[in-house]
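# Commentary on secondary and tertiary structure
If you want the building blocks of each chain, they are given just below.
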Amino acid sequence: MAGEAVVPWEAAREAAWGLGVRCLAVVGHVELREAIGATLAADLIALVGVPAYDAAAMDGYAVAGRGPWLVRGRVLAGVTERPGDLRPGEAVEIATGAPVPGGTEAVVPYEAALTEEAGGPADDAIAGAAGGGAVTRVRGEIEPGRHVRRSGEDTEPGASVLAEGAVVTPVAVGLAASLGHDTLPVRRPKVGILVSGDEITDTGLPVPGQVRDAIGPMLPGLVAWAGGEAVGGGRVRDTFADMMSALRASADAGADVIAVCGASSKGPADHLRDALATLGATPVVDGVACRPGHPQLLAHLGEPSSPGPVIVGLPGNPNAALVAGVTLLVPLVAALAGRPGPDPVGGLPTRLPVEGEVRPHHRDTRLIAVRVADGTVARPVGHDRPGSLRGAAMADAFAVIPPGWRGPSARLVWLPM
Ligand SMILES: Nc1nc2c(c(=O)[nH]1)N[C@H]1C(S)=C(S)[C@@H](COP(=O)(O)OP(=O)(O)OC[C@H]3O[C@@H](n4cnc5c(N)ncnc54)[C@H](O)[C@@H]3O)O[C@H]1N2
Ligand code: MOO
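Each value, and the rule that gives it
- Residues numbered from 1 in each chain as written.
- Chains lettered and ligands numbered in written order.
- Predicted model: local features only at pLDDT ≥ 70, side-chain atom pairs only at ≥ 80, totals over all residues.
- Near = placed C-beta within 6 Å.
- Nonpolar A, V, L, I, M, F, W, Y, C, P; charged D, E, K, R; others polar.
- UniProt positions renumbered as here; feature names shortened; annotations may be inferred.
- Helix = DSSP H or I, 4+ residues; strand = E, 2+ residues; numbered from the N terminus.
- Buried ≥ 20, exposed ≤ 12 C-beta atoms within 10 Å, placed from the backbone.
- Pairing = 2+ DSSP bridges.
- Axes fitted to C-alpha atoms, helices over the stretch in contact; angles between N-to-C directions.
- Contact = placed C-beta atoms within 7 Å.
- Domains from an automatic or database assignment.
- Core = buried A, V, L, I, M, F, W, Y, C linked by C-beta atoms within 7 Å.

With respect to spatial proximity, the complete set of residues near ligand 2 consists of Arg-291, Pro-292, Gly-293, His-294, Pro-295, Pro-315, Asn-317, Ala-320 and Pro-386. Across the shell around ligand 2, the residue classes tally to five nonpolar, three polar and one charged.

Have a look at this one:
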């Protein structure tokens, strides 16, 4: 990993995105609930129409022809046999969602119906009719088609309703179920997370010389937000042998990405570069011209035709790791997942005026934690030194401040909520 030049922040993001596009994650067919947060690997097609059959939209009477109508029975939701057709002058009492008989012109809701006893037995000949009650006659005003949901009026069978690359949201899962799907084809890249550093502890209060791991708990959520899934990984001791075996184990376990934090600098305990060189990794990015977070790495272990697994090196300082996360890891995972762009949040402003004290770096791009007020202006929140997540935790986004920036507007990279 020697000799790679530090790259501009934008170019680093593009390199990560481009590498991910070249090695799309494999497609899995997963049950609907498990698909939430993953990315559709094919257009979502309606297997049935919405509605799937002509149905009542109100509780009342399905009627045919002109009134008054003779009520021939009752049709409840859940009948799967088609009710017998209505002749002009006939009606059935009907529940919302129940199939309307052929010949139905409209449904008269109870509130708009005038009913009367007509005498004589109820006609149970209509399929699904509950029967048994006094046959009534019903009157009311109708408008043709009123309160009847026609088969396929929202969605025709075979229609494409969500495009490949869409995020599977809870709503999308509900939609998929309504269209007859039990599973969905999705991409969800696997990300092994390796946390290095002999000073790092996982629980309780650290004693002087120890540091609580802040990155291991943060990365799975960041990965999920980008469309991936954290798998395996764990802690790595500060030795070359441990780094080698942890990288090999993650690769053997099928990780598409291996994110290594706290070993990206060039100190005596930073073995990531040497391990990557020994494994014959191809370097893509070694150092990014941004503050914080300049010691970032991007490399891949595979061949040019099949580059994965991809290695992302994140700095040990937690806010620097977050910056590296949104610079390399998020675009890479989003691309591997087959998403249309590197930013997981859609529909939010990508540039806003920044109000407050902002000092550009003379050479590097600064990423500053900002809160967005009224959707119109971004204000720095402070507390965003490399070692502190306090500012980023209060922030909505990072404002991207290139060298020489004079304002007022800056690009925003949104953070997970
Ligand atoms: N000679 C140079 N030294 C350093 C440079 C440089 O350019 N030349 N860059 C500095 C910067 S900037 C950073 S950031 C760090 C990155 O180094 P590492 O990725 O090797 O990280 P460490 O040295 O292990 O840790 C840095 C800092 O962060 C703490 N840390 C580490 N892991 C975690 C974790 N999981 N959770 C919370 N805190 C963590 C660690 O204790 C250190 O305090 O290199 C600088 N040095
Ligand atoms: O990446 Mo470092 O945290 O800029 O200090």
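Still to come is the rest of the account.
With that settled, the discussion passes to the UniProt feature "domain: MoaB/Mog" (unreviewed entry) in the protein chain. With numbering matched to this structure, UniProt assigns "domain: MoaB/Mog" (unreviewed entry) to residues 192-335. Helix makes up 31% of residues 192-335 and strand 28%, with an end-to-end C-alpha separation of 17 Å.

This paragraph deals with unusual backbone geometry. Of note, the amide linkage connecting Gly-67 to Pro-68 takes the cis form, showing an omega dihedral of -5°. Its location among the elements puts Pro-68 in the loop between strand 6 (60-63) and strand 7 (69-75). In the segment running from Gly-308 into Pro-309, the intervening peptide bond is cis, with an omega of -10°. Residue placement: Pro-309 occurs in the loop between strand 22 (297-300) and strand 23 (310-314). Its identity is not glycine, yet His-147 carries a phi of approximately 65°, on the positive side. Within the element layout of this structure, His-147 appears in the loop between strand 11 (136-139) and strand 12 (148-149). When the 22 C-beta atoms within 10 Å are taken as the criterion, His-147 is described as buried. We note that Asp-374 has phi near 55°; this positive angle belongs to a residue other than glycine. Inspection of the secondary structure puts Asp-374 in the loop between strand 25 (365-373) and strand 26 (377-380).

This part is about the site of ligand 1. The environment of ligand 1 is made up of 25 residues, and the closest members are Ile-215, Gly-262, Ser-265, Pro-315 and Gly-316. Residues belonging to the shell around ligand 1 are distributed by class as follows: 12 nonpolar, nine polar and four charged.

This part takes up the sheet that holds strand 20 (residues 282-286). Strand order across the open sheet formed by six strands is 18-15-19-23-22-20, with mixed pairing between neighbours. On the outer flanks of this sheet lie strand 18 (229-236) and strand 20, each paired with one strand and no other. With strand direction ignored, the average angle separating the axes of adjacent strands in the sheet is 20°. Running at roughly 165° to strand 18, helix 5 (residues 240-252) makes contact with strand 15 (190-196), strand 18 and strand 19 (257-261) of the sheet. Running over the sheet, helix 7 (residues 318-337) touches strand 15, strand 19, strand 20, strand 22 and strand 23 and is turned about 165° from strand 23.

With that settled, the discussion passes to the domain arrangement of the protein chain. Along its sequence, the protein chain is carved into domain 1 (7-25 + 188-337), domain 2 (30-47 + 159-187), domain 3 (55-149) and domain 4 (351-414). Look at where the C-alpha atoms of domain 1 and domain 4 centre, and you get two points 24 Å apart. The partner domain 4 presents 15 residues to the 14 residues of domain 1 that form the contact. Elements with a minimum of two residues in the side of domain 1 that touches domain 4: strand 21 (288-291) and helix 7. When residues of the side of domain 1 that touches domain 4 are assigned to their parent elements, the largest contribution, six residues, is made by helix 7.

Let us look at the sheet that holds strand 14 (residues 183-187). The strand order across the open sheet formed by three strands is 2-14-3, and the pairing between neighbours is antiparallel. Pairing within the sheet leaves two strands with one partner each, and these edge strands are strand 2 (27-31) and strand 3 (39-40). In the sheet, strand 2 pairs with strand 14 via five bridges, with the strands oriented antiparallel. Bridge pairing in strand 14 places Val-27 opposite Arg-187.

Attention now goes to the nonpolar core. Val-257, Ala-259, Val-312, Leu-332, Val-333, Phe-398 and Ala-399 are the most contacted members of the largest nonpolar core, which has 79 residues in total. Of the residues forming this core, the biggest block, 15 residues, is contributed by helix 7. Taken domain by domain, this core gets at least three of its residues from each of domain 1 (7-25 + 188-337) and domain 4 (351-414). Look past the residues within four positions of Ala-399 in its chain and what remains in contact with it is Val-354, Ile-368, Val-370, Ala-378, Ala-410 and Leu-412. Counting residues in hydrophobic clusters, the runner-up holds 22 residues, among them Ala-55, Met-58, Val-71 and Val-138.

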